[in-house]
Amino acid sequence: MKLYYAAGACSLSPHIALAEAGLSYEAIAVSLADHTLADGTDYYTINPFGYVPMLQLDDGTMLREGPAIVQYIADQAPDKQLAPANGTLARYQLQSWLNFISTEIHKTFSLLFRPNPAEVQQGARDKLRKLFGWLDSELAQRDYLMGGSFTVADGYLFVTSNWSVPTQVDLSGLPHLQAWRDRVAARPAVQQAMQEEGLI
Ligand SMILES: N[C@@H](CCC(=O)N[C@@H](CS)C(=O)NCC(=O)O)C(=O)O
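What counts and what doesn't
- In this convention, every chain numbers its residues from 1, walking through the sequence in written order.
- Given that this is a predicted model, residues contribute local features only at a pLDDT of at least 70 and side-chain atom pairs are listed and counted only at 80 or more, while totals for whole chains, interfaces and linings are drawn from all residues.
- Side-chain metrics rest on all non-hydrogen atoms present in the structure, leaving aside hydrogens and water.
- Residues are labelled near a given molecule or strand when at least one of their non-hydrogen atoms is within 4 Å of it.
- For this analysis, a polar contact is any N or O atom pair within 3.5 Å, provided that within protein one partner can donate a hydrogen and the other can accept it, and provided that sequence-adjacent residues contribute only side-chain to side-chain pairs.
- Surface exposure here means Shrake-Rupley accessible area, sampled with a 1.4 Å probe, where a residue is shielded only by the protein chains that are shown.
- Helix and strand assignments follow DSSP, with helices taken as H or I runs no shorter than four residues and strands as E runs no shorter than two, numbered in order from the N terminus.
- The start and end points of each domain follow an automatic or database-based domain assignment.
- Contact criterion: two residues are considered in contact whenever any of their non-hydrogen atoms come within 4.5 Å of each other.
- In short, buried area is how much 1.4 Å probe accessible area vanishes from two parts on joining, totalled over both.
- When a carboxyl oxygen of Asp or Glu lies within 4 Å of a side-chain nitrogen of Lys or Arg, that pair is called a salt bridge.
- By the convention adopted, Pro, Cys, Tyr, Trp, Phe, Met, Ile, Leu, Val and Ala count as nonpolar, Lys, Arg, Asp and Glu as charged, and the other residues, Gly among them, as polar.
- Strands are treated as partners if at least two bridges between them are detected by DSSP.

1. Examining the site of the ligand
Then, number 1: Taken together, 13 residues sit near the ligand, with Cys-10, His-35, Val-52, Glu-65 and Gly-66 positioned nearest.
Then, number 2: Taking His-35, its side chain carries an N or O atom lying 2.7 Å from an oxygen atom of the ligand.
Then, number 3: Side-chain polar atom of Lys-107 to an oxygen atom of the ligand: 3.1 Å apart, as the coordinates give it.
Then, number 4: Protein contact buries 78% of the 510 Å² of open area that the ligand shows by itself.
Then, number 5: Broken down by secondary-structure element, the contributors of at least two residues to the shell around the ligand are helix H2 (66-76) and helix H3 (89-112).

Here's what the structure looks like:
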């Protein structure tokens, strides 16, 4: 499989999932500044929307959209239990988390990566602080979002919470969230993916 990624972007979530799954993959860097690959290929010829992540399967099939990609990866390595089995209520709960992270957290951070008016940016920061405050109370009750073990939802939330640093979203005074972040960051697969993206 080939994963098209940009360092530290939401594509780090499927990158972590691939490393956690122990699958073989090639990570291909995309410059989001000009939407090209290192060899000069126009990335729009690979993904017409120009965004990462994009997963190319070994038969050439292209799979787009982070929440779908991470579930596909999890299902290739069921023994790793990165997602509950399809058809179970727990699987819908995982999808609920992935959708929440995508539409409420990821896309609110997106407002802070663009030159939006100050009041829009402040509104985004306030909303994110509130959401992370709620997540802190959720994570007081368990080690990972879905319970006692890591799933692809943790990988995705971890990546988006990393963005609090460059966007100056205040995550101070949220000890359970911080403990969870430390727990996820310490995982060897997370370290591997971050190293491969040159982040550590
Ligand atoms: N709907 C897509 C959105 C992915 C997305 O927002 N990617 C960002 C990086 S986190 C990106 O590539 N932005 C650059 C661009 O759109 O040109 C998904 O969930 O996979």
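2. Focus: the domain arrangement of the protein
Then, number 1: We note that the domain assignment places domain 1 (2-80 + 189-196) and domain 2 (89-187) within the protein.
Then, number 2: Between domain 1 and domain 2, the contact holds 17 residues from the first and 18 residues from the second.
Then, number 3: Here domain 1 meets domain 2 over a buried area of about 1,400 Å², counting both sides, of which 64% is carbon and sulfur.
Then, number 4: Where domain 1 touches domain 2, the interface holds two salt bridges.
Then, number 5: Of the charged contacts in the structure, one is a salt bridge between Asp-75 and Arg-91, with a shortest N-O distance of 2.9 Å.
Then, number 6: Where domain 1 touches domain 2, the interface holds nine residue pairs in polar contact (both at pLDDT 80 or more).
Then, number 7: Contributing elements (two or more residues each) for the side of domain 1 that touches domain 2: helix H1 (12-21), H2 and helix H8 (188-196).
Then, number 8: Of the residues assigned to the side of domain 1 that touches domain 2, the class counts are 11 nonpolar, four polar and two charged.

3. Let's talk about the sheet that holds strand E1 (residues 2-5)
Then, number 1: Taken in spatial order, the five strands line up as E3-E2-E1-E4-E5 in an open sheet, and their pairing is mixed. If you trace the sheet from one side to the other, it starts and ends with strand E3 (36-37) and strand E5 (62-64), each paired once.
Then, number 2: Two strands pair when backbone bridges link them, and strand E2 (residues 26-31) and E3 are joined in this way by two bridges, in the antiparallel orientation. In the strand pairing of E3, Ser-31 is matched with Thr-36.

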